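Take a look at the letters that make up each chain.
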Amino acid sequence: GENVEQHPSTLSVQEGDSAVIKCTYSDSASNYFPWYKQELGKRPQLIIDIRSNVGEKKDQRIAVTLNKTAKHFSLHITETQPEDSAVYFCAASKGNQFYFGTGTSLTVIP
Amino acid sequence: SQTIHQWPATLVQPVGSPLSLECTVEGTSNPNLYWYRQAAGRGLQLLFYSVGIGQISSEVPQNLSASRPQDRQFILSSKKLLLSDSGFYLCAWSVLFRGYGYTFGSGTRLTVV
């Protein structure tokens, strides 16, 4: 099966700085990579995703990059704001199942 | 538009009691359905997934079971709860090949006492 590793487990940044979260996956057949944001006590919500035929995707302050050769993908948040504080999960999928990373707790310090 | 309903939102149950959590999806047909558990401060653990009525795949053997009696209904059950069953249970659906990722339900916070 797929194995997704996510780093770092915790991340603190000053407001306005950038945050980067990295994930690696093991199955080269995985072709869909979503990122989820989970605020305390709430459900995870999809914030951005990327497919294996694309190397980079951007949505306002959030971007995701994918390196298929190295089997890693990253989430980039620029100009961080306090409301970006949450747990972020990456995932990899090649079919019906999604394999999640262990999560990164991001704290944006005002 | 598609919506997912999950209930109850919170539940406190004694050890040894039964459990039934329900999840329904509206606005789509033949979704893939999933049950996840999230222990406090931990990641998402896939418990069961279903690609159709009566089709259940179990990822982690334990005292939980799942059923899919209708296309858009997914039920998580237990005959006898353990203390270790406490956690945040999330139902999710996807129709992957239409370009959607998972959409999670609002979750059930289960405390076994």
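Just so it is clear, the model here is predicted, and its values are computed rather than measured. (Residues numbered from 1 in each chain as written. Chains lettered and ligands numbered in written order. Predicted model: local features only at pLDDT ≥ 70, side-chain atom pairs only at ≥ 80, totals over all residues. Heavy atoms only, no water.)

Asks: An account of the overall build of chain A is requested, with residue identities and associated values reported.
Replies: Per the secondary structure count, chain A includes 0 helices and 11 strands. When its helices and strands are written in sequence order, chain A yields β-β-β-β-β-β-β-β-β-β-β. Over its C-alpha atoms chain A spans a radius of gyration of 13 Å, differing by no more than 12% from the 13 Å that the globule rule assigns to 110 residues. Referenced to the eigenvectors of the C-alpha coordinate spread, the extents of chain A come out at roughly 40 × 25 × 20 Å. Split into buried and exposed, the 110 residues of chain A put 44% on the buried side. (Helix = DSSP H or I, 4+ residues; strand = E, 2+ residues; numbered from the N terminus. Rg over C-alpha atoms; globule rule 2.2 N^0.38 Å. Buried < 20%, exposed > 50% of the residue type's maximum accessible area, 1.4 Å probe, protein only.)

Asks: Which residues make up the pairing of strand β3 (residues 19-25) of chain A, and what values do they have?
Replies: All names here are of chain A. Burial along β3 is one-sided: A19, I21, C23 and Y25 are buried, while V20, K22 and T24, pointing the other way, are not. Bridge count between strand β1 (residues 4-7) and β3: 4 bridges; the pairing is antiparallel. Paired with H7 across the two strands is K22, which belongs to β3. Here β3 pairs with strand β8 (residues 72-77) via 6 bridges, running antiparallel. Bridge pairing links T24 to H72 in β8. (Pairing = 2+ DSSP bridges.)

Asks: Got a sec to walk through the packing of aromatic side chains? Specific residues and values, please.
Replies: Applying the stated rule across the entire model yields 18 aromatic pairs over all chains. Ring geometry for W35 of chain A against F73 of chain A: centres 5.6 Å apart, planes inclined by 70°, an arrangement best described as edge-to-face. On the criterion of sequence distance, the pair formed by W35 of chain A in strand β4 (residues 32-38) and F73 of chain A in strand β8 is long-range, its members being 38 residues apart. Centre to centre, the rings of F100 of chain A and Y36 of chain B are 5.4 Å apart; their planes meet at 90°, and the pair counts as edge-to-face. Of the two residues, F100 of chain A sits in strand β10 (residues 98-100) while Y36 of chain B sits in strand β4 (residues 32-38), which places them in two different chains. Y36 of chain B shares its class with F100 of chain A; the two are buried. Among the aromatic residues, those joined into a ring-pair cluster are Y32, Y36, F89, F98 and F100 of chain A together with Y34, Y36, Y49, Y102 and F104 of chain B. When the ring centre of F88 of chain B is taken as origin, the NZ or CZ atom of R109 of chain B, which lies over that ring, is 4.4 Å away. (Phe/Tyr/Trp six-rings, centres within 6.5 Å; stacked < 30°, edge-to-face > 60°. Lys NZ or Arg CZ within 6 Å of the ring centre and 35° of its normal.)

Asks: For the interface of chain A and chain B, give the residues involved together with the corresponding values.
Replies: On the chain B side, the residues contacting the 18 residues of chain A number 24 residues. Regarding the contact of chain A and chain B, the summed buried area is about 1600 Å², with carbon and sulfur atoms giving 56% of it. Of all residues in chain A, R43, N96 and Q97 of chain A give up the largest surface area on contact with chain B, accounting jointly for 34% of the area buried on that side. At the boundary of chain A with chain B, the tally comes to 0 salt bridges. (Contact = heavy atoms within 4.5 Å. Buried area = accessible area lost by both parts, 1.4 Å probe. Salt bridge = Lys/Arg side-chain N within 4 Å of Asp/Glu carboxyl O.)

Asks: Describe the nonpolar core, and please don't skip the residues or the numbers.
Replies: In terms of nonpolar packing, the biggest core is built from 22 residues, with Y25, F33, W35, F73, L75, Y88 and L106 of chain A touching the most fellow members. Those elements that place two or more of their residues in this core are β2 (10-14), β3, β4, β5 (45-51), β7 (62-67), β8, β9 (86-93) and β11 (104-109) of chain A. Ignoring anything within four residues of it in the chain, the contact list for Y25 of chain A reads E2, N3, V4, S30, F33, L66, N67, K68, K71, H72, F73 and A92 of chain A. Counting residues in hydrophobic clusters, the runner-up holds 21 residues, among them L47, L64, L76 and Y89 of chain B. (Core = buried A, V, L, I, M, F, W, Y, C linked by side-chain atoms within 4.5 Å.)

Asks: Lay out the pattern of salt bridges with the relevant residues and their values.
Replies: Tallied over the entire structure, the rule returns 7 salt bridges over all chains. Ionic pairing is found between E39 of chain A and K37 of chain A, a salt bridge with its closest N-O pair at 3.6 Å.

Asks: Could you give an account of the state of the cysteines, with specific residues and numbers?
Replies: Applying the stated criterion across every chain yields a total of 2 disulfides over all chains. The residue that forms a disulfide with C23 of chain A is C90 of chain A, at a sulfur-sulfur distance of 1.9 Å. Residues C23 of chain A and C90 of chain A are joined through a disulfide that is left-handed, its torsion about the S-S bond being -100°. Of this pair, C23 of chain A sits in strand β3 while C90 of chain A sits in strand β9, and the two are 67 residues apart along the sequence. For the pair C23 of chain A and C90 of chain A, a shared accessibility class is recorded, and that class is buried. A sulfur-sulfur distance of 1.9 Å marks the disulfide that ties C23 of chain B to C91 of chain B. (Disulfide = S-S within 2.5 Å.)

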